[in-house]
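Given next are the chains, with one letter for each unit.
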Amino acid sequence: MEEKPFSVIVNGAVPGEPVKTDKNSRRGNWGNQIEFILTSVGYAVGLGNVWRFPYLCYRNGGGAFMFPYFIMLVFCGIPLFFLELSFGQFASQGCLGVWRISPMFKGVGYGMMVVSTYIGIYYNVVICIAFYYFFSSMTNLLPWTYCNNPWNTPTCNGVVTPRGINNTLANVTRSLVTGAAEVAVEVVNKTKRTSPSEEYWKHYVLQISDDIGNFGEVRLPILGCLAVSWVVVFLCLIRGVKSSGKVVYFTATFPYVVLTILFIRGITLEGAVTGIKYYLTPQWHKILDAKVWGDAASQIFYSLGCAWGGLITMASYNKFHNNCYRDSIIISITNCATSVYAGFVIFSILGFMAHHLNVDVSEVADHGPGLAFVAYPEALTLLPISPLWSLLFFFMLILLGLGTQFCLLETLVTAIVDEIGTDWIVRNKTVVTGGVAIVGFLLGVPLTTQAGIYWLLLMDNYAASFSLVIISCIMCICIMYVYGHKKYFKDVEMMLGFPPPIFFRVCWRFVSPIIISFILIFTVIQYKPITYNDYVYPGWSLAIGFLMAMSSVICIPIYALYKIAKSEGTTFLERLKNSCKPDVKWGPALSEHRIGLYATPGSEGEVEVRPLKEELKEKEKEDEKRDEISLTIQGSNGSTAHNTTPSA
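Residues numbered from 1 in each chain as written. Predicted model: local features only at pLDDT ≥ 70, side-chain atom pairs only at ≥ 80, totals over all residues. Heavy atoms only, no water.

Re empty space enclosed by the protein
A complete count under the given rule lists six cavities of 30 Å³ or more for this structure. Contributing to the lining of the second largest cavity are V125, I129, L206, R219, I222, L447, T448, T449, G452, I453 and L456. For the lining of the second largest cavity, the secondary structure elements donating two or more residues are α6 (106-136) and α20 (452-462). Counting residues per element, the lining of the second largest cavity draws most heavily on α20, which supplies three residues. Of the residues in the lining of the second largest cavity, the class split is seven nonpolar, three polar and one charged. (1 Å grid on protein atoms, 1.4 Å probe; cavity = no way out; pocket = protein on both sides within 12 Å on 5 of 7 lines; lining within 4 Å. Points joined across faces, edges and corners; volume = space filled by probe spheres on them. Helix = DSSP H or I, 4+ residues; strand = E, 2+ residues; numbered from the N terminus. Nonpolar A, V, L, I, M, F, W, Y, C, P; charged D, E, K, R; others polar.)

Overview of the state of the cysteines
Here a disulfide denotes a covalent bond joining the sulfur atom of one cysteine to the sulfur atom of another. Within the structure shown, the criterion is met by one disulfide. The thiol of C306 is not disulfide-bonded; the next cysteine sulfur, from C76, is found 6.9 Å away. (Disulfide = S-S within 2.5 Å.)

Observations concerning the pattern of salt bridges
Considering all chains together, one arrives at eight salt bridges under this definition. R326 is paired through a salt bridge with D327; the nearest N and O atoms lie 3.1 Å apart. The class of D327 is buried, set by a relative accessible area of 0%. For E410, the salt bridge identified is with K429, shortest N-O distance 2.8 Å. Separated by 19 residues along the polypeptide, E410 in helix α17 (residues 386-420) and K429 in helix α19 (residues 429-444) bring together distant segments of the chain. Take K429: its relative accessible area is 16%, and that puts it in the buried class. (Salt bridge = Lys/Arg side-chain N within 4 Å of Asp/Glu carboxyl O. Buried < 20%, exposed > 50% of the residue type's maximum accessible area, 1.4 Å probe, protein only.)

Section: the packing of aromatic side chains
Taken as a whole, this structure holds 65 aromatic pairs when the rule is applied. Consider the rings of F82 and F504, whose centres lie 5.3 Å apart with planes at 85 degrees: the pair is edge-to-face. In this pair, F82 sits in helix α5 (residues 63-91) while F504 sits in helix α22 (residues 502-525), placing the two residues 422 residues apart along the sequence. In terms of burial, F82 and F504 fall into one category: buried. Taken together through their ring pairs, the aromatic side chains of Y133, W144, W151, Y200, W201, Y204, F373, Y376, F393 and F394 make up a single cluster. Positioned over the ring face of Y317 is R27, at 4.4 Å from the centre of the ring. The ring of F489 carries R505 above its face, with NZ or CZ at 5.9 Å from the centroid. (Phe/Tyr/Trp six-rings, centres within 6.5 Å; stacked < 30°, edge-to-face > 60°. Lys NZ or Arg CZ within 6 Å of the ring centre and 35° of its normal.)

Comments concerning unusual backbone geometry
Despite not being glycine, A307 has its phi angle at roughly 75 degrees, a positive value. Relative to the assigned elements, A307 resides in the loop between α13 (290-303) and α14 (310-315). Residue I385 is not a glycine yet carries a positive backbone phi of 50 degrees. Structurally, the position occupied by I385 is in the loop between α16 (369-380) and α17. Residue classification places I385 among the exposed residues on the basis of a relative accessible area of 61%.

This is the structure in structure tokens:
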């Protein structure tokens, strides 16, 4: 019985506090710290690490791009990551509840929700297409290997000779595509040639229409895969972080197994070294180009998932004294290392393909959906047992996508549950999760039509672009300058046991906001209207894109004006000042952590800061009473939980 008070030190409490479990039984916590790290890695490491970073690196000076990339990681990526994790962990609230720190800025939280909604809608459509390709790979011959299919056109030109198939099939191939067999391993002309994988993607999977306004019909196979994708996400989140925390042991780690298998296979192929050289050969003259630095900053910012609301949400399920400083460094570096590693996997295969076709690597290099569903699948057809490699590749894409999608959905669900906050909605969080999943599925249906790819790319380019930069910048300004950097540093010290290192204090106050502003200016200057291959988006669709981008930002001033109008005060300045003050509920969620400035007179918070000696005396008296009872009643359980706070 005397061992109990010493658990104060073990649990990370400071002297003067009673024994604490550091668990939020109402909201729930991660089962252990590994679950949080794996979930955050799964969230940060997404499809962009595989289909965007390697291409950016290759186009921006190869190995020279690594220098600005890691500079931006150190001065912007890790500090912002740490800021969001500490913000969510300290308050144990989602992206809406944390704005008790300065209620006028709650619109930032609503902006995060809007961004997460947009991304969640189209991200699951990408996952469902990966599901479709995964199922299509369950065959002896990949359907995009040859040009002898009903959907192929006369310009189709495969990269493999149809060996191993009977003469009849070969004759059919020759009759459909003139001279295809003779030039199967040559590229006739880059402008004329269309690969079997590209035609499979456009004419069979998407059955793409000629215009963004021409929706055509819903592609039922893709719709079915979208339903499968949402069901998988829902089942993995059915018990919130309790269930998703277990799933990530597989979804966050297995992609690395697949990457390693593909890496080993890739580097053993002829021409792989050429591809890797294209990927890494430094072009030092490009390091003076502002565009290279802008791309590096943007890639770091977007790939880490800053300003989406997911980092705040995931950290809110941590225990109060968790070392999120350590976690932020581990997760950020893991994310960037994965991007670099994925580049070897992608360019080793593309180098092999370029060698096979006797063309430059730049002729086959691509990014985005073009890499995932056209270039890389075509390269896989050149490998022995190609269906196996295709299954592995698309399974990896599915897992990478799901890791991010889990957090996007949990961000929305947590924000809704925390905001309403009734006992019923906390108990029935599964209902909220199911409702959000159904709405997400229905909103994703238009993206499964024949014009769906146009809308998907429109959302990808506008829904989460400069709006994220604005949201992140305002968040930094609010915490550092409206709430006050000194107060926030003390909050972090109370939570971690040490203040933020001086490097992070300087970055939060000065460096990161400057870099974020640079990203915003760079994004505006480098803006070009979106295109898809040769298709130019009409003006009305671009207007919709801008409206999507502004819909998340506009939440900030609208809610600020609403809060100012509702605040107490006779003049505008008084109302403004009161709307910026922290809410009385701001601070640690659990009463045992609300000490010092956060201790409320007459509440448990006041009792919690009593001297530890008083606590020990009370426990001794209670132990004596139990001993007396146990003499009379043999076998009574002395371990029954006892109240450490005196009754009123």
